[in-house]
Amino acid sequence: MHFTQFDSAEFLRTAWQKQPRLIRNPWAAWRNPLEPDELAGLACEPDVEARLVTYARDNWDLEHGPLREDRFAKLGKKEPWTLLVQAVDHHVPAVAALLDPFRFIPNWRIDDVMVSYAVDGGGVGPHFDQYDVFLVQGLGKRRWQLGGLCDGTTELQPHDHLRLLARFEPFQEWILEPGDILYVPPRVAHCGVAIGDDCMTYSVGFRAPSRAELLAGWTEHLLEELEDGDRFADPDLQHLENPGEISAPALERLHGMVAERLLDRAAFARWFGTYSSTPKNPDIDWRPEQPIAPDDLREVLGGGSALLRNPASRFSFVREGPGSVALFVDGRSISCTGAAAAFAELLCGNVRFTVDPVLLESAHAMLLIAELVDAGSLAFSDED
Ligand code: SIN
Ligand code: CO
């Protein structure tokens, strides 16, 4: 899947994290990648996160999956409802392919593709999210209304687990048809309502760590490495006029003990890489039954077979020096130099790729590929 008319540099400059943008069908050829009944099937599976939102008699209701197969037959014909399924890209390759044209945004910022299905009048009500989203209309029509910027003080409807806005004043309104995309920046109030039945919307969602989450995760990691004997010491203690004073030199040393660790940038980069590449759905297991032998690997790759990244796996890297990178895959950090570093960059920049014959000569690169195939983060593409 790719776009024909879309200027990603212009989009980043003028819209990303700044203002909503309607992008009328930019796809080379739009094809809805998932059928409604396949989505309903996913919502019944135990390891899939699904929600059903119904609206009846002025009342919103939320049910969590897995749903029973007969649940859909019981839904009223008159009351609007919508089904939402999280991380469908991790389960369905054709939905994962929707991400391809959005790769101008870094891997670590991508969260997942949520898919919704609604009957006429269905929607989740006016709300805001903390994250950027591209709302891709897959099937049918949806009216999107956008309001102002919200924050922690924005009033929500009482006793409401759907976090609906108490007041919603739309400033803009569009009707999206298949292939159309609406970009909504974080915290912008929005409300989408299906016009007619069979309305499917794909939410290409991003993530951005909160400062609280970063501090909690980073300090928790630091604490794991600290020893009880790593303690304040003052062999140079000076006589104080008042023993009640916590002296400036003592404070300097105490503060230094904290700052030295908290501000270790190289250690932070390593931690953040592993933290942000930890998979959301570790159950999507691509591990082969038998570990792959290095000779077999070289032969298959040498024959031109392509490798495919597991869509539930996360891949990124940090440059550490000339020709050396730290590769992060599924919460693991792997130091790579030379040919292995070149492979790490190829892997992070491409969802599906073939390996250059030069890399096949490198024992280090071959070991790395075998390790990733054995871990289920990579597999040979079926398309060959
Ligand atoms: C939907 O697809 O109905 C909801 C998407 C959203 O508002 O974030
Ligand atoms: Co939303």
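Given the structure is predicted, the values throughout are model-derived calculations rather than measurements. Residue numbers run consecutively from 1 along every chain, following the written order of its sequence. Starting at A for chains and at 1 for ligands, labels are handed out in the order in which the entities are written. A pLDDT threshold of at least 70 governs which residues receive local features in this predicted model, and a stricter bar of 80 or more applies before side-chain atom pairs are shown or counted, although totals over entire chains, interfaces and linings include all residues. Only heavy atoms go into the side-chain values, all of them from the structure, while hydrogens and water stay out.

Engineer: Hey, could you run me through the coordination of the cobalt ion (ligand 2) in this one?
Structural biologist: Ideal geometry at a metal centre: 109.5 degrees between donors when four sit tetrahedrally, and 90 or 180 degrees when six sit octahedrally. Of the protein atoms, only His127 (NE2), Asp129 (OD) and His190 (NE2) coordinate the cobalt ion (ligand 2), at distances of 2.1 Å. Coordination of the cobalt ion (ligand 2) draws on donor residues from a single chain, spaced H-x1-D-x60-H in sequence. Any N, O or S atom lying within 2.8 Å of the metal counts as a donor, and for Na, K and Ca the limit rises to 3.2 Å; water is left out, so some sites can look incomplete.

Engineer: Honestly, unusual backbone geometry in this entry has me stumped. Any pointers?
Structural biologist: Trans is the prevailing form of peptide bonds, just as negative phi is the prevailing case for residues other than glycine. The amide bond that connects Gly65 to the next residue, Pro66, takes the cis arrangement and shows omega of 0°. Strands are runs of DSSP state E lasting at least 2 residues, helices are runs of H or I lasting at least 4, and numbering of each runs from the N terminus. Along the chain, Pro66 turns up in the loop between β3 (59-64) and β4 (81-85). Of note, Asp198 is a non-glycine position whose phi angle comes to about 55°, a positive value. Assignment of secondary structure puts Asp198 in strand β9 (residues 188-206).

Engineer: Any chance you could explain the side chain of Asp111 here in plain terms?
Structural biologist: Along the chain, the position of Asp111 falls in strand β5 (residues 110-118). Only protein chains enter the accessibility calculation, which uses a 1.4 Å probe; a residue is then buried when its area is under 20% of its type maximum, exposed when over 50%, and partly exposed in between. Judged by relative accessible area, which is 18%, Asp111 ranks as buried. Among the polar contacts made by the side chain of Asp111, one reaches the side chain of Lys280 at a distance of 3.1 Å. The contact definition used throughout considers only heavy atoms, calling two residues in contact when any of these lie within 4.5 Å. Setting aside anything within four residues of it in sequence, one finds Asp111 in contact with His90, Gly205, Phe206, Arg207, Lys280 and Arg314. Between N or O atoms, a polar contact is any pair within 3.5 Å; within protein, one atom must be a potential hydrogen donor and the other a potential acceptor, and residues adjacent in sequence are included only when both atoms are from side chains.

Engineer: So what exactly am I meant to see when it comes to the sheet that holds strand β10 (residues 307-309) here?
Structural biologist: For sheets, the rule is that strands pair by backbone hydrogen bonds, running either parallel or antiparallel. Only strands joined by at least two bridges in the DSSP assignment are considered to pair. One open sheet accounts for 3 strands, arranged β14-β10-β15; its pairing is antiparallel. The open sheet has two edge strands with one neighbour each: β14 (352-353) and β15 (378-380).

Engineer: Help me out: how do you make sense of the site of ligand 1 in this one?
Structural biologist: We call a residue near a molecule or strand whenever a single non-hydrogen atom of that residue lies within 4 Å of it. Every residue near ligand 1 is listed here: Met114, Ser116, Val124, His127, Asp129, Leu135, Arg142, Trp144, His190, Thr201 and Ser203. Here an oxygen atom of ligand 1 sits 3.1 Å away from a polar atom, N or O, in the side chain of His127. The accessible surface values rely on the Shrake-Rupley method and a 1.4 Å probe; as for residues, cover is taken only from the protein chains in view. When isolated, ligand 1 has an accessible area of 260 Å², and the protein chains bury 93% of it. Of all the elements in the fold, those that place two or more residues in the shell around ligand 1 are β5, β6 (133-149) and β9. Each residue gets one label: Ala, Val, Leu, Ile, Met, Phe, Trp, Tyr, Cys and Pro are nonpolar, Asp, Glu, Lys and Arg are charged, and the others, such as Gly, are polar. Looking at the shell around ligand 1 residue by residue, the classes come out as 4 nonpolar, 5 polar and 2 charged.

Engineer: Which parts of the structure should I look at to understand the packing of helix α4 (residues 211-225) against helix α6 (residues 265-276)?
Structural biologist: Look at α4 against α6: their axes get within 11 Å of each other, and the N-to-C directions meet at 110°. Judged by the inter-axis angle, α4 sits roughly perpendicular to α6. Contacts between α4 and α6 involve Glu213, Leu214, Gly217, Trp218 and His221 from the former and Ala267, Phe268, Trp271, Phe272 and Tyr275 from the latter. Looking at the contact of α4 with α6, its residues break down into 7 nonpolar, 2 polar and 1 charged. Inter-axis angles, ranging from 0 to 180 degrees, are taken between N-to-C directions of lines fitted to C-alpha atoms, where helices are fitted over the stretch in contact. Here roughly perpendicular refers to angles of 65 to 115 degrees, roughly parallel to angles under 35, roughly antiparallel to angles over 145, and oblique to all remaining angles.

Engineer: Looking at this structure, how should I read the pattern of salt bridges?
Structural biologist: Opposite charge on two side chains makes pairing possible when the charged atoms of those side chains draw close. Here a salt bridge means any side-chain nitrogen of Lys or Arg lying within 4 Å of a carboxyl oxygen belonging to Asp or Glu. For the structure on display, the rule yields 19 salt bridges. A single network of salt bridges, built from pairs that share partners, joins Asp111, Asp112, Lys280 and Arg314.

Engineer: So what exactly am I meant to see when it comes to the domain arrangement of the protein chain here?
Structural biologist: Accessible area lost during the coming together of the parts is what is often quoted as the interface size. Assigned domains of the protein chain: these are domain 1 (8-206), domain 2 (211-228 + 246-263) and domain 3 (294-380). The straight-line distance from the C-alpha centre of domain 2 to that of domain 3 is 35 Å. An automatic or database domain assignment is the source of the domain bounds shown.

Engineer: I tried to follow the side chain of Ser362 on my own but got confused; where do I start?
Structural biologist: Mapped onto the fold, Ser362 is located in the loop between α9 (357-360) and α10 (363-374). Reaching out from Ser362, the side chain makes a polar contact with the backbone nitrogen of Ala365 at a distance of 2.9 Å.

Engineer: Would you mind showing me how to read the environment of Leu226 here?
Structural biologist: With respect to the element layout, Leu226 can be found in the loop between α4 and α5 (248-262). Look at Leu226 and you get partly exposed, because its relative accessible area is 35%. Along the backbone, Leu226 and Ala266 are 40 residues apart, and their C-alpha atoms lie at a distance of 17 Å.

Engineer: Is there a simple way to explain a nonpolar patch on the surface in this structure?
Structural biologist: Patch construction takes residues with relative accessible area above 30% that form no salt bridge. Like charges are linked within 9 Å, and nonpolar side chains (Val, Leu, Ile, Met, Phe, Trp, Tyr) are linked within 5 Å. Residues Phe232, Ile246, Leu251, Leu254, Met257 and Val258 make up a contiguous nonpolar surface patch of roughly 510 Å² in combined accessible area. Among the structural elements, Val258 can be located in helix α5. Residue Val258 is classed as partly exposed on the basis of its relative accessible area of 47%.

Engineer: Please explain the pairing of β4 as it appears in this structure.
Structural biologist: The two faces of the sheet receive side chains in turn, since in a regular strand these alternate between them. Among the 5 residues of β4, 5 are classified as buried, and the element is accordingly described as predominantly covered. Inspection of the sheet shows strand β2 (residues 50-56) paired to β4 by 5 bridges, in the antiparallel sense. Across the sheet, the residue bridging to Val53 is Thr82, located in β4. Relative to β5, β4 runs antiparallel, the two sharing 4 bridges.

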